[in-house]
Amino acid sequence: MSRQELLNQLREALLGDMDRDEVAAIAEKIVAEGIDVQEGVQTASSAIREIGQQFETGEVFLPDLMIAGKKMERCMAVFKPHLEVDSDTAAGGRIVIGSVTGDIHDIGKNLVATMLSVGGFDVVDLGVGVPAMEFVKAAKKEQADIIALSSLMTTTLPYQREVLDLLREMDLRDKYFVVVGGGPVTPDFAIDIGADGWAENAALAVNLCTTLMTSGHSPPVETIVV
């Protein structure tokens, strides 16, 4: 089976009716064939983004989303040991990440957290439905460099803005970089709320956070879109 056929099979497995074991088996084939695991992660990330969009439009429902999340966990369990950190470019730093108030979905957030951890960051995962003040408290307690906000639903986007507004009200905006992401989050929205960055997928989120940490600038900075 060709490289592209295996990657397509992984995408269809995540989107379709295959179970977790079948997804893991495809991921193992990708590794065994010597295909760049980053390509597998990017394919999986794209599939998960599509599932999020389907959920938003009512094409799939919460149980479907939860099943896809479990399949993604198995997929990443296979890929993670084969993802390498480039010691010359790894920036390090501590990131607190979570899904904002009203958003109980962790499928994309978990993928980003895993990739950031593999990328050399110390990741503190706050979970889902995290209130704005809890992000701020955690960032202070953990002495974080970056706060990462996830939303899967359009209705929860205002709560990403709320975190940034609260940081400004508490005169803490210059203490932390803030990055945003998730299916309904757009570069324009990130710019509008004054976030420091937006990334299209989990792999690019690592690039974004590395750029922020190595930029030599203090937050806030002009929104970086990758």
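Keep in mind it's a predicted model, so treat the numbers as computed, not measured.

Engineer: Lay out the pattern of salt bridges in plain terms, naming residues and giving numbers.
Structural biologist: Going through the model one piece at a time under the given rule, you end up with 11 salt bridges. Note that E39 and R3 form a salt bridge whose closest N and O atoms lie 2.5 Å from each other. Of this pair, E39 sits in helix α3 (residues 37-56) while R3 is found in helix α1 (residues 3-15), placing the two residues 36 residues apart along the sequence. For D21, the salt bridge goes to R74, with nearest N and O atoms at 2.8 Å.

Engineer: Please give an account of the domain arrangement of the protein chain that cites residues and values.
Structural biologist: For the protein chain, the domain assignment lists domain 1 (3-82) and domain 2 (92-225). Here domain 1 and domain 2 have C-alpha centroids that lie 24 Å from each other. The interface is formed by 17 residues belonging to domain 1 together with 21 residues belonging to domain 2. For the pairing of domain 1 and domain 2, the buried interface totals around 1500 Å² over both sides, and the portion due to carbon and sulfur atoms is 69%.

Engineer: Break down the nonpolar core for me, citing the residues and quoting the values.
Structural biologist: Counting residues in each nonpolar core, the largest one holds 50 residues, and the members touching the most others are L10, I30, V41, M76, F79 and M115. Two domains each provide a minimum of three residues to this core, namely domain 1 (3-82) and domain 2 (92-225). When neighbours within four sequence positions are excluded, F79 is seen to be in contact with L10, A27, I30, V31, V37, G40 and V41. If you look at the next biggest cluster of nonpolar residues, it comprises 27 residues, including V96, V136, I147 and W198.

Engineer: I'd love a proper account of the side chain of Q54, names of residues and values included.
Structural biologist: Locating Q54 in the fold gives a position in helix α3. A relative accessible area of 19% means that Q54 is categorised as buried. Setting aside chain neighbours within four positions, we find Q54 in contact with E59 and V60.

Rules used in this analysis
Residues numbered from 1 in each chain as written. Predicted model: local features only at pLDDT ≥ 70, side-chain atom pairs only at ≥ 80, totals over all residues. Heavy atoms only, no water. Salt bridge = Lys/Arg side-chain N within 4 Å of Asp/Glu carboxyl O. Helix = DSSP H or I, 4+ residues; strand = E, 2+ residues; numbered from the N terminus. Domains from an automatic or database assignment. Contact = heavy atoms within 4.5 Å. Buried area = accessible area lost by both parts, 1.4 Å probe. Core = buried A, V, L, I, M, F, W, Y, C linked by side-chain atoms within 4.5 Å. Buried < 20%, exposed > 50% of the residue type's maximum accessible area, 1.4 Å probe, protein only.

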